[in-house]
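Here is what each chain is made of, one letter per residue.
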Amino acid sequence: MGSSKEEEKRKLRVPTFNEVTGPYHEPFCLDIFISKASVRACIVHRVTSKVVVVAHSISKDMKFDLTSTRNARACQAVGEVLAQRALADDIYDVVYTPRRGELLEGKLGIVVQAIIENGVKVKLKLKQRKQKGGKRSS
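Residues numbered from 1 in each chain as written. Predicted model: local features only at pLDDT ≥ 70, side-chain atom pairs only at ≥ 80, totals over all residues. Heavy atoms only, no water.

Going by the annotation in an unreviewed UniProt entry, the name recorded for the protein chain is 50S ribosomal protein L18, with Punica granatum given as the source organism. UniProt lists a comment for the protein chain under the heading Sequence similarities (unreviewed entry), and it reads "Belongs to the universal ribosomal protein uL18 family." (UniProt positions renumbered as here; feature names shortened; annotations may be inferred.)

Here you go:
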């Protein structure tokens, strides 16, 4: 019986209207992965989770034109190719949410900037960090 009282006290979180309808208003999200060996960027449809457009620095059409698959020039090329392919598929707006600990500088910033410069509008969604401790500053 004690567990049923705890369940009653615990409220279920109801998603907000924007959380429910957001994927339909902004259907495409950008995913960028930079490893020690290569750079990959893709655009994913948020509702169906299908990859729509991909650009990878080790793909056959790019790796022979680049001197390195992981330097700043490779990041620039991946951003340009992804933007061209996105515009060809009528994708003009994407949402990008950085992973935990990622900063928009360095190679990641180069890829995002190249995508923006080539005509795709990138909307950044930065998550708010919760303050540690019970005290709030007024």
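Concerning the state of the cysteines
Summed over all chains, the structure comprises zero disulfides. Cysteine 29 provides the cysteine sulfur closest to cysteine 42, a residue in no disulfide bond, and the two sulfurs are 7.8 Å apart. Looking at cysteine 42, the relative accessible area reads 3%, which means it is buried. (Disulfide = S-S within 2.5 Å. Buried < 20%, exposed > 50% of the residue type's maximum accessible area, 1.4 Å probe, protein only.)

Observations concerning the pattern of salt bridges
Summed over all chains, the structure comprises eight salt bridges. Salt-bridge contacts for arginine 13 lead to glutamate 19; the nearest nitrogen and oxygen are separated by 2.9 Å. For glutamate 19, a relative accessible area of 43% translates into the label partly exposed. As a salt-bridge pair, arginine 99 and glutamate 102 come within 3.7 Å of each other at their nearest N and O atoms. Judged by its relative accessible area of 38%, arginine 99 is partly exposed. Look at glutamate 102 and you get partly exposed, because its relative accessible area is 27%. When salt bridges that share partners are traced, they join Glu26, Arg46, Lys123 and Lys125 into one network. (Salt bridge = Lys/Arg side-chain N within 4 Å of Asp/Glu carboxyl O.)

Description of the packing of helix α4 (residues 72-88) against helix α5 (residues 107-117)
Direction vectors running N to C along α4 and α5 enclose 35°, while the axes themselves pass 8 Å from each other. The interaxial crossing formed by α4 with α5 has right-handed handedness. Two secondary-structure elements touch here, α4 through Ala72, Cys75, Gln76, Gly79, Glu80, Leu82 and Ala83 and α5 through Lys107, Ile110, Val111, Ala114, Ile115 and Glu117. Here the contact of α4 with α5 is built from residues that sort into eight nonpolar, two polar and three charged. (Axes fitted to C-alpha atoms, helices over the stretch in contact; angles between N-to-C directions. Helix = DSSP H or I, 4+ residues; strand = E, 2+ residues; numbered from the N terminus. Left-handed = near helix turned anticlockwise from the far one by under 90°. Contact = heavy atoms within 4.5 Å. Nonpolar A, V, L, I, M, F, W, Y, C, P; charged D, E, K, R; others polar.)

Describing a nonpolar patch on the surface
Among the surface-exposed residues, Leu104, Leu124 and Leu126 lie close enough to one another that they form a single nonpolar patch of about 270 Å² accessible area. In this fold, leucine 104 is placed in the loop between β4 (93-96) and α5. (Patch = residues over 30% accessible without salt bridge, like charges linked within 9 Å, V, L, I, M, F, W, Y side chains within 5 Å. Areas by Shrake-Rupley, 256 points an atom, 1.4 Å probe, with all protein chains shown as cover.)

Some remarks on the environment of lysine 50
By secondary structure assignment, the location of lysine 50 is in the loop between β2 (39-45) and β3 (51-56). Lysine 50 gets classed as exposed once you look at its relative accessible area, which sits at 55%. Excluding residues within four positions of it along the chain, lysine 50 makes contact with Ile43, Val44 and His45.

Remarks on unusual backbone geometry
The backbone of serine 49 shows a phi angle near 60°, a positive value even though the residue is not glycine. Structurally, serine 49 can be placed in the loop between β2 and β3. The exposure class assigned to serine 49 is exposed, which follows from its relative accessible area of 57%. Of note, the phi angle at aspartate 90 is positive, near 60°, even though the residue is not glycine. Locating aspartate 90 in the fold gives a position in the loop between α4 and β4.

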